Amino acid sequence: MTDSSSSAIPPVVMIIAGNDPSGGAGITADVQAVSRLGCHPAPVITALTVQDTRDAYRVVATDPDLVTEQAAAVLADMKVSAVKIGLLPTAKIARAVARLLGREGALPIVLDPVLMASGGAALAPDPIVETLLECLAPLATVVTPNAYEIRRLAGEADDRDTRPRKLLETGCRYVLAKGADEDTPGVENALYGSKGFEEVYRWRRLENSYHGSGCTLAAALAALLASGRSVPVAVAEAQRYTWDCLAKGFRPGQGQWVPRRTGRETDR
């Protein structure tokens, strides 16, 4: 029997990202986080990768037309409530995604500008930076760069406050500058909006390093936006969820730990 009640249908989050066969990051991480937070994931694959919990070794990009055909099929069939964008391995794919999403109106979009694997391997070529800034950042509700990514996107600056402001000039509504990779005793993530700095979030630094933490945070943020949260509320809740996943993480391989994407305790 089919339940036609709209109240029984969870919000749909379209995930545009690459596949990580280790299951620590990429599509698997996104699907787990989105599902755990009560949404339905609709994955669009941008790349197949050869990677493990230590590093990435090869990236095979999906044909740009196939990426847009996957996404267009989802958009034509379902009411998508938010989009999470992860690995875009070529500028052509990034432009194709931007063209498609640019026709969708005010759809919440979380852009996680994945440029490098957690082990240090490059995942996207240099031209992708210009394309992200010109085509996708202006469509984004929130951009979630880590320390390396924000320097690639906004350049070096005398202070950390300048780089997020430069990203905001591209037209995105918010920037969540992540600080886990900065040399600080704790982790400090800072949210910037149209009026500049809005809030800093301080988290106890965990002793391990993690594979898939950025994917988890961005996917959780997209799920919470899809569920109707405001950006500031979604940002705070997504961080609480992610920190808990990391605190309960495990080491399935020979490299980094992997977030356990269950539970939503707010220990901090």
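What you are looking at is a predicted structure, and each value in this text was computed from that prediction instead of being measured. (Residues numbered from 1 in each chain as written. Predicted model: local features only at pLDDT ≥ 70, side-chain atom pairs only at ≥ 80, totals over all residues. Heavy atoms only, no water.)

Here we look at the overall build of the protein
If you tally the helices and strands in the protein, you get eight helices and nine strands. Taken over the C-alpha trace, the protein has a radius of gyration of 17 Å; the compact-globule value for 268 residues is 18 Å, and the two agree within 12%. When the backbone C-alpha atoms are referred to their principal axes, the protein occupies close to 55 × 40 × 40 Å. In the protein, buried positions account for 53% of the 268 residues. Pairs at least 24 residues apart make up 68% of the contacts formed inside the protein by residues separated by at least 6 positions. Working note: accessible area of the protein is about 12,000 Å², and carbon and sulfur atoms make up 50% of it. Averaging the positions of the 29 positive and the 31 negative side-chain charges in the protein gives two centres separated by 3 Å. (Helix = DSSP H or I, 4+ residues; strand = E, 2+ residues; numbered from the N terminus. Rg over C-alpha atoms; globule rule 2.2 N^0.38 Å. Buried < 20%, exposed > 50% of the residue type's maximum accessible area, 1.4 Å probe, protein only. Contact = heavy atoms within 4.5 Å. Areas by Shrake-Rupley, 256 points an atom, 1.4 Å probe, with all protein chains shown as cover. Lys, Arg positive; Asp, Glu negative; His and termini not counted. Charge placed at Lys NZ, Arg CZ, Asp CG, Glu CD.)

Examining the nonpolar core
Generally speaking, soluble globular proteins have nonpolar side chains that are buried together. With 40 residues, the main nonpolar core has M14, I16, V83, I85, L88, V97 and L136 as its most contacted residues. When residues in this core are grouped by element, the largest group, six residues, is from helix α3 (residues 91-101). Not counting residues within four places of it along the chain, the set of residues in contact with M14 comprises A42, V44, A71, V74, L75, V80, A82, V83, K84 and L101. (Core = buried A, V, L, I, M, F, W, Y, C linked by side-chain atoms within 4.5 Å.)

Things to note about the pattern of salt bridges
For the coordinates displayed, the defined rule picks out eight salt bridges. Between E237 and R229 there is a salt bridge; the shortest N-O distance is 3.2 Å. (Salt bridge = Lys/Arg side-chain N within 4 Å of Asp/Glu carboxyl O.)

Topic: the packing of aromatic side chains
The description of an aromatic ring pair uses the distance of the two centres, along with the angle that the planes make with each other. Evaluation of the coordinates by the stated rule reveals two aromatic pairs. Ring plane angle 70 degrees and centroid distance 5.7 Å describe the contact between Y192 and F197, whose orientation is recorded as edge-to-face. Ring centres of W203 and W243 lie 6.5 Å apart, and the angle between their planes is 25 degrees; this geometry places the pair in the stacked category. Taken together, the positions of W203 in strand β9 (residues 196-203) and W243 in helix α8 (residues 231-247) put the pair 40 residues apart, joining distant regions of the chain. For the pair W203 and W243, one class covers both residues: buried. (Phe/Tyr/Trp six-rings, centres within 6.5 Å; stacked < 30°, edge-to-face > 60°.)

Describing the environment of Y57
Here Y57 is to be found in strand β3 (residues 56-61). Between the alpha carbons of Y57 and L123 there is a distance of 9.1 Å; along the sequence they are 66 residues apart. What Y57 contacts, discounting residues up to four positions off in sequence, is V50, Q51 and D52. Here D52 takes part through its side chain, which lies 3.0 Å from a polar atom of the side chain of Y57. (Polar contact = N/O pair within 3.5 Å; in protein donor to acceptor, adjacent residues only side chain to side chain.)

Focus on the packing of α3 against helix α4 (residues 127-136)
With their axes 9 Å apart at the nearest point, α3 and α4 run at an angle of 10 degrees to one another. By the angle between their axes, α3 is roughly parallel relative to α4. Along the contact surface, α3 presents A91, A94, R95, V97 and A98, while α4 presents P127, I128, T131, C135 and L136. Its residues assigned to classes, the contact of α3 with α4 comprises eight nonpolar, one polar and one charged. (Axes fitted to C-alpha atoms, helices over the stretch in contact; angles between N-to-C directions. Parallel < 35°, antiparallel > 145°, perpendicular 65-115°, else oblique. Nonpolar A, V, L, I, M, F, W, Y, C, P; charged D, E, K, R; others polar.)

Observations concerning the environment of R151
Tracing the sequence through the fold places R151 in helix α5 (residues 147-154). Judged by its relative accessible area of 25%, R151 falls in the partly exposed class. As for R151 and P164, which are separated by 13 residues in sequence, their C-alpha atoms are 9.6 Å apart. Beyond its immediate chain neighbours, meaning those up to four positions away, R151 contacts E156, R163 and E182. Of note is the side chain of R151, whose polar atom sits 3.1 Å from the backbone oxygen of A147.

Focus on the side chain of E182
Turning to its location among the elements, E182 is positioned in the loop between β7 (174-177) and β8 (187-193). E182 sits in the buried class, given a relative accessible area of 13%. One polar contact links E182 to R151, side chain to side chain, over a distance of 3.2 Å. Discounting chain neighbours no more than four positions away, the residues touching E182 are A147, R151, R160, R163 and R205.

Side note on a positive patch on the surface
On the surface, K92, R95, R99 and R103 cluster together into a patch of positive charge. With respect to the helices, strands and loops of the structure, R99 is situated in helix α3. (Patch = residues over 30% accessible without salt bridge, like charges linked within 9 Å, V, L, I, M, F, W, Y side chains within 5 Å.)

Digging into the confidence of the model for the protein
In the predicted model, the protein carries a mean pLDDT of 92, and 94% of its residues have values of at least 70. Contacts of residues 264-268 to residues separated by more than four positions or lying in other chains number 16 contacts, the stretch itself having pLDDT below 50. (pLDDT = per-residue confidence, 0-100.)

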